[in-house]
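Residue-level listing of the chains:
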Amino acid sequence: PTLTVTGRGDMAAPPDVAVVHLGAVRQEKEAQAAQDAVNRVIEEALERLRELGLPQEQIQTAGITLYPVYD
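Calculation criteria
Residues numbered from 1 in each chain as written. Predicted model: local features only at pLDDT ≥ 70, side-chain atom pairs only at ≥ 80, totals over all residues. Heavy atoms only, no water. Helix = DSSP H or I, 4+ residues; strand = E, 2+ residues; numbered from the N terminus. Rg over C-alpha atoms; globule rule 2.2 N^0.38 Å. Buried < 20%, exposed > 50% of the residue type's maximum accessible area, 1.4 Å probe, protein only. Areas by Shrake-Rupley, 256 points an atom, 1.4 Å probe, with all protein chains shown as cover. Lys, Arg positive; Asp, Glu negative; His and termini not counted. Charge placed at Lys NZ, Arg CZ, Asp CG, Glu CD. Polar contact = N/O pair within 3.5 Å; in protein donor to acceptor, adjacent residues only side chain to side chain. Salt bridge = Lys/Arg side-chain N within 4 Å of Asp/Glu carboxyl O.

Chemist: I tried to follow the overall build of the chain on my own but got confused; where do I start?
Modeler: From N to C terminus, the chain includes 1 helix and 0 strands. Taken over the C-alpha trace, the chain has a radius of gyration of 23 Å; the compact-globule value for 71 residues is 11 Å, which it surpasses by more than 25%. A principal-axis box enclosing the C-alpha atoms of the chain has dimensions of 85 × 30 × 15 Å. When each of the 71 residues of the chain is scored for burial, the buried share is 7%. When the accessible surface of the chain is split by element, carbon and sulfur atoms take 53% of a total near 7,200 Å². Counting 6 positive and 11 negative side-chain charges, the chain places the centres of these two groups 5 Å from one another.

Given below as structure tokens:
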């Protein structure tokens, strides 16, 4: 006697986590001017994400880096 069993299962669920990495690059003569410009760009992008329903408490800054540019 032989018993053979074959099966398949599928499951679907709505996603509950998304990871989005945003970045911006700007060159200016002064570091503060570059930082201000980047802040405006990123804040606009984050505002669009908040409009889509992303809660403020789920937004994090992972890092910021300034590099001097030498002529």
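Chemist: How should the environment of Asp36 be read in this particular structure?
Modeler: For Asp36, the position within the fold is in helix α1 (residues 31-51). A sequence separation of 12 residues divides Asp36 from Ala24, and the C-alpha atoms of the two residues are 11 Å apart. Within the local environment of Asp36, its side chain forms a polar contact with the side chain of Gln32, the two groups lying 2.8 Å apart.

Chemist: Teacher, can you tell me more about the environment of Arg40 here?
Modeler: For Arg40, the position within the fold is in helix α1. As a C-alpha pair, Arg40 and Leu22 span 18 residues in sequence and 13 Å in three-dimensional space.

Chemist: I tried to follow the environment of Gly9 on my own but got confused; where do I start?
Modeler: Within the secondary structure, Gly9 sits in the segment before α1. Since its relative accessible area comes to 64%, Gly9 is described here as exposed. Gly9 sits 31 residues away from Arg40 along the chain, and the two C-alpha atoms are 48 Å apart.

Chemist: Teacher, can you tell me more about the pattern of salt bridges here?
Modeler: Think of it this way: side chains of opposite charge can pair up when their charged atoms draw near. For the structure shown, the criterion picks out 6 salt bridges. Residue Asp10 pairs with Arg8 through a salt bridge whose shortest N-O separation is 3.3 Å. Residue class for Asp10 comes out exposed when judged on its relative accessible area of 65%. In this structure, Glu47 and Arg50 form a salt bridge, with 3.3 Å as the shortest nitrogen-oxygen distance. A residue pair is termed a helical-turn pair when its members lie 3 or 4 positions apart in one helix, as Glu47 and Arg50 do in helix α1 at 3 residues. By relative accessible area, which is 32% here, Glu47 ends up partly exposed. Judged by its relative accessible area of 21%, Arg50 falls in the partly exposed class.

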